[in-house]
Amino acid sequence: MDAIVGERLKASKDQREQEQLKTILGKVAIANGKQTYVSYQKIFSGDRWKALAAKGAQTQRVLWASTSTKNPSYRDVLYVEELIGPDTVNTIPPATLDAFRDHGRPRPSLTEDVESANRTMETAANLGISMKEVTDKLTDDGVRLFAEAFDKLLKAVEKSSK
């Protein structure tokens, strides 16, 4: 998500747009995560949920995937630190986990400064950045990468079984 803002910033020739893009650079993915978590909390709260939980219902956890920092100018544990909350799962790559163990700052960050996250997402929308298009692309790319990795695994298993 944040890479798309960076690409847009590089391509922009409009100084005003560049200034606005700079204000959300490195913030859109986290802001989207915070908004997602707020929605999650609404779903799994209130009287209806309490009645279901009393009968044994359990929450679906929020999954954050591929949370390594791709941009070397960002803190190497940025996306891990900023996506921490109860009932979440984070598929942290080994190098990022080692970095977080070394110098990460654990705290329930998903509920911090949600208003700022909302402003970030409003700015992105005002700049014409469609979160639907962004998330559709990320989903397509993610499915393709998982499929390629799975095919590679199957070929390795097939080769070793001969």
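The structure under discussion appears in the preceding block.
Residues numbered from 1 in each chain as written. Predicted model: local features only at pLDDT ≥ 70, side-chain atom pairs only at ≥ 80, totals over all residues. Heavy atoms only, no water.

Observations regarding the packing of helix H1 (residues 2–11) against helix H2 (residues 15–24)
The following threshold applies: Angular values range over 0 to 180 degrees, each being the angle between N-to-C directions of two axes fitted as lines to C-alpha atoms, with helices fitted over their stretch in contact. A run of H or I in DSSP counts as a helix once it spans at least four residues, and a run of E counts as a strand once it spans at least two, with each numbered from the N terminus. Oblique is the label for any angle not under 35 degrees, not over 145, and not in the 65 to 115 range, which are roughly parallel, roughly antiparallel and roughly perpendicular in turn. For any pair of crossing helices, the crossing counts as left-handed if the nearer helix is rotated counterclockwise from the farther one by less than a right angle, and right-handed if it is rotated clockwise. For this analysis, residues touch if any pair of their heavy atoms sits within 4.5 Å. Note that Gly is not counted as nonpolar here; it falls among the polar residues with everything else outside the nonpolar set of Ala, Val, Leu, Ile, Met, Phe, Trp, Tyr, Cys and Pro and the charged set of Asp, Glu, Lys and Arg.
Interaxial distance between H1 and H2 falls to 9 Å at its minimum, and their mutual angle equals 160°. In terms of axis orientation, H1 runs roughly antiparallel to H2. Between H1 and H2 the crossing geometry is left-handed. Within the contact between the two elements, H1 uses Val-5, Arg-8 and Leu-9 and H2 uses Glu-17, Gln-18, Leu-21, Lys-22 and Ile-24. In terms of residue class, the contact of H1 with H2 is built from four nonpolar, one polar and three charged.

Things to note about the nonpolar core
Burial of nonpolar side chains together is a common tendency in soluble globular proteins. Just so we agree on the cut-off: Nonpolar core, defined: a set of buried Ala, Val, Leu, Ile, Met, Phe, Trp, Tyr and Cys residues in which side-chain atoms within 4.5 Å join the residues together. Summary of the burial criterion: residues with accessible area below 20% of their type's maximum are buried, those above 50% are exposed, and those between are partly exposed, where the area comes from a 1.4 Å probe applied to protein chains only.
One finds Ile-24, Val-28, Tyr-79, Ile-129 and Met-131 to be the most contacted residues of the largest nonpolar core, which totals 25 residues. For this core, the elements supplying multiple residues, two or more each, are H1, H2, helix H3 (28–43), strand S1 (62–65), helix H5 (78–81), helix H7 (114–126) and helix H8 (131–160). When residues in this core are grouped by element, the largest group, six residues, is from H3. Sequence-distant contacts of Met-131, defined by excluding residues within four places in its chain, comprise Met-1, Val-28, Asn-32 and Met-121.

Overview of the pairing of S1
Which entries qualify depends on this criterion: Should DSSP find at least two bridges between two strands, the strands are taken to pair.
Alternating positions in S1 separate cleanly, Val-62 and Trp-64 being buried on one face and Leu-63 and Ala-65 remaining unburied on the opposite face. Here four bridges tie S1 to strand S2 (residues 88–91), and the two strands are oriented parallel to one another. Paired with Val-62 across the bridge in S2 is Thr-88.

Digging into the environment of Asp-113
The topology assignment puts Asp-113 in the loop between helix H6 (94–103) and H7. Taking the relative accessible area as the measure of exposure, Asp-113 reaches 51% and is therefore exposed. Asp-113 sits 82 residues away from Ala-31 along the chain, and the two C-alpha atoms are 9.4 Å apart.

Considerations on the side chain of Thr-69
Spelled out, the test is: Polar contacts, as used here, are pairs of N or O atoms within 3.5 Å; protein pairs need one atom able to donate a hydrogen and one able to accept it. Residues neighboring in sequence count only if both atoms are side-chain atoms.
Following the sequence through the fold, Thr-69 ends up in the loop between S1 and H5. Owing to a relative accessible area of 18%, Thr-69 belongs among the buried residues under this scheme. Here the side chain of Thr-69 touches Arg-75 through a polar contact of 3.1 Å, landing on its backbone oxygen. For Thr-69, the side chain forms a polar contact with the main-chain oxygen of Asp-76, separated by 3.2 Å.

Some details on the packing of aromatic side chains
Quick reminder of the rule: Think of it this way: a Phe, Tyr or Trp ring, Trp meaning its six-membered ring, pairs with another when their centres are within 6.5 Å, and the plane angle makes it stacked under 30 degrees, edge-to-face over 60, tilted otherwise.
Enumeration according to the criterion identifies three aromatic pairs in this entry. Between the aromatic rings of Tyr-40 and Phe-44, the centroid separation amounts to 5.0 Å while the plane-to-plane angle is 50°, which identifies the pairing as tilted.

Digging into the pattern of salt bridges
In plain terms, the rule: Definition used for salt bridges: Asp or Glu carboxyl oxygen within 4 Å of a side-chain nitrogen of Lys or Arg.
This model, assessed by the stated rule, comprises 10 salt bridges. Among the salt bridges present, the one from Arg-105 reaches Glu-81, with a minimum N-O distance of 3.8 Å. Of the two residues, Arg-105 sits in the loop between H6 and H7 while Glu-81 sits in helix H5, which places them 24 residues apart along the sequence. By relative accessible area, Glu-81 is classed as buried at 1%. Among the charged side chains, a network of salt bridges with common partners joins Lys-137, Asp-141, Arg-144 and Glu-148.

Digging into a nonpolar patch on the surface
For the record, the criterion: Note that patches include only residues with greater than 30% relative accessible area and no salt bridge, and the join distances are 9 Å for like charges and 5 Å for nonpolar side chains (Val, Leu, Ile, Met, Phe, Trp, Tyr). Reported accessibility uses the Shrake-Rupley method at a 1.4 Å probe radius. Residues are deemed covered only where the shown protein chains occlude them.
Together, Phe-150, Leu-153, Leu-154 and Val-157 make up an exposed nonpolar region whose accessible area comes to about 370 Å². Within the secondary structure layout, Leu-154 lies in helix H8. Taking relative accessible area as the criterion, Leu-154 reaches 42% and is therefore assigned partly exposed.

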